[in-house]
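Structure assessment
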Amino acid sequence: MTVLEEPTAEVEHGESVAPRPVRSVPVPGDRAFLGLSRAGGTAVLVVFSAIGLFLAIRGAQAIAEAKLSFFTTQAWEPDTHHFGIAGVLTGTVLIALVAVTISLPIALGLSLFISEIAPAKIRRTLISMVDLMAAVPSVVYGLWGLFFLQGHALSVSRWISTWFGWIPIFHVAGAQPTNPLASASVYSASTFIVGLVVSLMVIPIQCSIMRESFSQAPAGEREGAYALGATRWGMIRSVVLPFGRGGIIGGTMLGLGRALGETIAVILIISPIYRINLHILGSGGQSVSALIALLQGDSSGFGISALMAAGLTLFALTLVVNLTASAIVARSRSGAESEV
Amino acid sequence: MTLLQFPGTTRQVNAQPPVPSPPPQPRRRRRLPRRDAMFDLTGAVIAGVSVALLLFGRLAPFSAPFGFVVVAYAVFLLAYALLVSLHDDATAVKDAVITVVLSSAALVAFSALLLVVGFTLWRGWHALVHLNFYTHDMSQAGPLSPLSAGGVAHALVGTLWTIGIALVLTVPLGLVAAIYLDQTRSRPSRVVRSVVEAMTALPTILAGLFVYATWILTFGFEKSGLAAALALSVMMLPYIIRTSDLVLRLIPGNLREASAALGAPRWRTMWHVVLPTARSGLATAVILGTARGIGEASPVLLTAGFTTYMNADPLRGPMVSLPLEAFKLVQSPEPNMVARGFACAAFLLLVVLTLFVIARIVGGHGPGHLTRRSASRIARASKRDIERFARAGADRPSIVTEDTA
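Being a predicted model, the structure only gives us computed values, none of them experimental. Throughout this description, residue numbers start from 1 for each chain and increase along the sequence as written. Throughout, the order in which chains and ligands are written sets their labels, letters from A for the former and numbers from 1 for the latter. Restriction of local features to residues with pLDDT of at least 70 applies here, the model being predicted, together with a cutoff of 80 or more for giving and counting side-chain atom pairs; totals for whole chains, interfaces and linings are based on all residues.

Section: the overall build of chain B
A run of H or I in DSSP counts as a helix once it spans at least four residues, and a run of E counts as a strand once it spans at least two, with each numbered from the N terminus. Tallying secondary structure elements over chain B gives 16 helices and 0 strands in all. Looking at chain B as a whole, 40% of its 405 residues qualify as buried. Residue pairs are scored as contacts if the distance between their C-beta atoms, which are placed from the backbone, is within 7 Å. In chain B, of all internal contacts separated by at least 6 residues, the share reaching a separation of at least 24 is 70%. Three exposure classes are used, based on other C-beta atoms lying within 10 Å of a residue's own C-beta, which is placed from the backbone: buried for 20 or more, exposed for 12 or fewer, and partly exposed in between.

Brief notes about the overall build of chain A
Looking only at helices and strands, chain A features 11 helices and 2 strands. Reading the secondary structure of chain A in the N-to-C direction produces α-β-β-α-α-α-α-α-α-α-α-α-α. Since a compact globule built from 340 residues should have a radius of gyration of about 20 Å, the 26 Å found for chain A marks it as more spread out than a globular shape. The principal-axis extents of the C-alpha atoms in chain A amount to approximately 95 × 60 × 35 Å. Looking at chain A as a whole, 50% of its 340 residues qualify as buried. Here the globule rule is a power law, 2.2 Å times the number of residues to the power 0.38, and the radius of gyration is based on C-alpha atoms.

What about the packing of helix α1 (residues 28–66) of chain A against helix α11 (residues 266–277) of chain B?
Orientation is described by axes fitted as lines to C-alpha atoms, over the contacting stretch for helices, and by angles from 0 to 180 degrees between their N-to-C directions. Look at α1 of chain A against α11 of chain B: their axes get within 7 Å of each other, and the N-to-C directions meet at 70°. Relative to α11 of chain B, the element α1 of chain A is oriented roughly perpendicular. Judged by residue contacts, Gly29, Asp30 and Phe33 of chain A of α1 of chain A engage Arg266, Trp267 and Met270 of chain B from α11 of chain B. Note on terminology: angles under 35 degrees are roughly parallel, angles over 145 are roughly antiparallel, angles of 65 to 115 are roughly perpendicular, and the others are oblique.

Examining unusual backbone geometry
Unusually for a residue other than glycine, His81 of chain A sits at a positive phi of about 55°. Along the chain, His81 of chain A falls in the loop between β1 (76–77) and β2 (82–83).

Here's the deal with the domain arrangement of chain B
The parts lose accessible area when they come together, and the size of an interface is often stated as this lost area. With domains assigned, chain B is organised as domain 1 (34–122) and domain 2 (153–367). An automatic or database domain assignment is the source of the domain bounds shown. On a C-alpha basis, the centroid separation for the pair domain 1 of chain B and domain 2 of chain B is 40 Å.

Topic: the interface of chain B and chain A
The interface is formed by 81 residues belonging to chain B together with 76 residues belonging to chain A. Among the elements that take part in the side of chain B that touches chain A, helix α4 (residues 90–128) of chain B stands out by supplying 19 residues, more than any other. Under the grouping applied here, Gly and all other residues not named as nonpolar or charged are polar, the nonpolar ones being Ala, Val, Leu, Ile, Met, Phe, Trp, Tyr, Cys and Pro and the charged ones Asp, Glu, Lys and Arg. Class assignment of the residues belonging to the side of chain B that touches chain A gives a composition of 58 nonpolar, 13 polar and 10 charged.

Concerning helix α8 (residues 204–218) of chain B
Helix length check: α8 of chain B (15 residues) gives 20 Å between terminal C-alpha atoms against 21 Å at 1.5 Å per residue, within 8%. The largest bend along α8 of chain B reaches roughly 30° and is located at Tyr212 of chain B. Burial runs high along α8 of chain B: 12 of the 15 residues are buried. Among all positions in α8 of chain B, only Thr204, Ile205, Leu206, Ala207, Gly208, Leu209, Phe210, Val211, Tyr212, Ala213, Thr214 and Trp215 of chain B are buried. Elements that come into contact with the buried residues of α8 of chain B comprise α1, α10 (288–295) and α11 (302–332) of chain A together with α9 (225–249) and α13 (298–303) of chain B. Looking one or two residues beyond α8 of chain B, the residue adopting positive phi is Gly220 of chain B, at roughly 80°. Multiply 1.5 Å by the residue count of a helix minus one, and that product is the helix's expected span. Across the chain, bend at a residue is computed as the angle between axes fitted to the seven residues ending at that point and the seven starting from it.

With respect to the confidence of the model for chain B
Residues and elements named next belong to chain B. For chain B, mean pLDDT is 84; residues scoring 70 or higher make up 89% of the total. This stretch, residues 1–13, has a pLDDT under 50; its non-local contacts, to residues over four places away or in other chains, come to 1 contact. Prediction confidence for the complex, expressed as pTM and ipTM, is 0.84 and 0.85 respectively. pLDDT gives the predictor's per-residue confidence on a scale running from 0 to 100.

Set out below in structure tokens:
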């Protein structure tokens, strides 16, 4: 067991006595048990670092060939050695940003609703519905986005681009807002629609992290706020939200990490292009993961190496985002390490 | 809270003259009666919808359904604030309006979920009702074949193989890693926890790309069900570790301390106290991990290849799983293929829903809660113990001290 330190006992005439050293010597069974569990923990670390390592080894050839132009070229033609992820990476980040912008208010409201407003009786059901939302296969979300949402979202796209088209990212090339017979296809297959679908996939992740941190707001402070005359919203604003700030930031970033890597829905909905397209409402875009999934089957040799390099970039990006997020969440949850 | 009474203090308290108790006050009403709140809400809803109907139907040339909802919602909020302000002050109005806003965020999320599930089941129904959908593969069915020919039996078999192998790999490793996180509170274990948490949001395609880079390109194996299972394992492992870690953290510390105080070594505490207490939670963790893994198409896309033929050997030849089959089918321009794709997705969704119902039944109660069966099992065991003690007591009337270990 852990080393126990006895508090320095005060003897009656004021002299302090040195603590008796207590040391634990694990029995053989315990030594094996701790060794096994440590091996398990190490194995997990090894597997996850191997991901980065192998992607780097396989992608080295392409990176050595393209050098820094890998990050600035807006094309993907590895056979003529003219390739880079500038356009694709921008597309990935744009999709993720759109998704998080839409999902953040909904996830925040949903998690506050579950942890503060919903009656305790239905809370468990709501939580498992959120879990279900996370477990709905992404191909199902993709199908829904392609066959159902796209048709309904086009009018929203048209409305935004008509009234806010003067903001560069909402501008749509070839849109004819004054022509009632104009085809809506300039708005389809866009970053915005993919972002809408992906936002549904990240809501549950963000929500569960936020809800967990909200539920750890101490009861004493809650009751204190009520005792001072706060309404429920006053209590939420002065107690729950400050205590949950780490969870909100961390959960949002974990959602961002998840949104950066979505594959299937992107392939199904977006029409792939490899240059930078900042007009999120207009047709065309691409993400790194969709690029890998689309081209892996027909590539060989150098093409695969280029894809591995793209994968490595995605890995590094999501790792940075996710590690920052989980560090923030872990710091906000520091109380959970102590036992009751 | 328990009040400890010491002999000295009791006497002091008793010595004081009794305070005359204040006259009983009526209990304060903290919020409005339910009925009034309901009236406020209903009235505001009616106001919102009517104003939007008036605007969109009569007064202005608006048409978009989305705009209708936005206008109706805005008017609803205004009307609700107005109604509440008739009988409450500004603070209470703010509270009421924000409560409604938060609830509507939840409403949006859950109705999106219902729409997704409902739409998929509705579109998939036409092909799901054909029995051959579950028993045939797609090798004999062309793009124009009717729904009464061809099916996804090969994808079913592939899903069973890949998820089965993945579970065999991830459950032991995931549990051991979760136990590691539970047992050690050191710097390395915090690193592992952060990495695991970060990996739960790892792009699933990278799990596939990793297995492709190692298993297929470096070790030279062919694309197969096993490779897909490896990719799924890499993807599922962090989920299982994270959820099991959360479950183990919920075990009350005094159970472990009681076990340690009885002299049990750590592995016995884990095996006989912590794991049995957490059993339902751990089962839920595994089931939820399965639900995640079973629906993931992108790792399988890179590692399993694609086939329309039945292949029951996970070691050789391409294999296909249900989500991948759905993904490939809906990319066809033929309506029948799209219908099959939807049916595939709907079937997958039903599997996930079933897994969730099972998880709910298994994990429907907190740690330490006993089902009737486990309670009677414990009762039987302690009855046996009493008999054993009685026998031991008859043989040896002195108190047993040495062989309690």
